[in-house]
Amino acid sequence: MKEKIFKLLELLFMAKQKGIDVFFNYSSHVEVIRICICLKGWYENYEYDKHFELYLDEKDAEKKADEAIKYFEKIIRLKEEEKNNE
């Protein structure tokens, strides 16, 4: 699971380079990672476009991490395609 979290962090930094703002929060007392995504960048009163909650002590944590990884790979790819089509 630790490798998947590191992969997510790598993708979050890549997303930022594409203009996507991402908030990453780890609450160790409840073993949860919260990731909130603003596809067009954050501004005041912005509602997140997508969010993930990964409770690391639950059975589906790895599945949810995989879903988040796939989501980030997809939005990064789409942003790259948008840039190439300009």
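See the structure shown above.
Conventions used here
- Residues numbered from 1 in each chain as written.
- Predicted model: local features only at pLDDT ≥ 70, side-chain atom pairs only at ≥ 80, totals over all residues.
- Heavy atoms only, no water.
- Phe/Tyr/Trp six-rings, centres within 6.5 Å; stacked < 30°, edge-to-face > 60°.
- Buried < 20%, exposed > 50% of the residue type's maximum accessible area, 1.4 Å probe, protein only.
- Helix = DSSP H or I, 4+ residues; strand = E, 2+ residues; numbered from the N terminus.
- Expected span 1.5 Å × (residues − 1).
- Contact = heavy atoms within 4.5 Å.
- Core = buried A, V, L, I, M, F, W, Y, C linked by side-chain atoms within 4.5 Å.

Enumeration over the complete set of coordinates arrives at 4 aromatic pairs. Considering the side-chain rings of Tyr71 and Phe72, the 5.8 Å spacing of their centres and the 85 degrees angle between planes classify their relative orientation as edge-to-face. Phe72 matches Tyr71 in its accessibility class, with the two residues each being buried.

Bringing helix H2 (residues 61–84) into the picture now. Because each turn of an α-helix spans 3.6 residues, side chains separated by three or four positions end up pointing in the same direction. Here H2 is 24 residues long and its end C-alpha atoms lie 35 Å apart, about the 34 Å a rise of 1.5 Å per residue gives. Restricting attention to buried positions, one finds in H2 the residues Ala61, Ala65, Ala68, Ile69, Tyr71, Phe72, Ile75 and Ile76. Where the residues of H2 are buried, they touch helix H1 (2–17), strand S1 (21–27), strand S2 (32–38) and strand S3 (50–55).

This part takes up the nonpolar core. Ranked by size, the top nonpolar core spans 18 residues in total, and within it Leu8, Ile35, Ile37, Phe52, Tyr71, Phe72 and Ile75 carry the most contacts. Among the secondary structure elements, those contributing two or more residues to this core are H1, S2, S3 and H2. With 7 residues, H2 is the largest single contributor of residues to this core. Residue contacts for Ile75: discarding those within four places in its chain leaves Ile20, Ile37 and Leu39.

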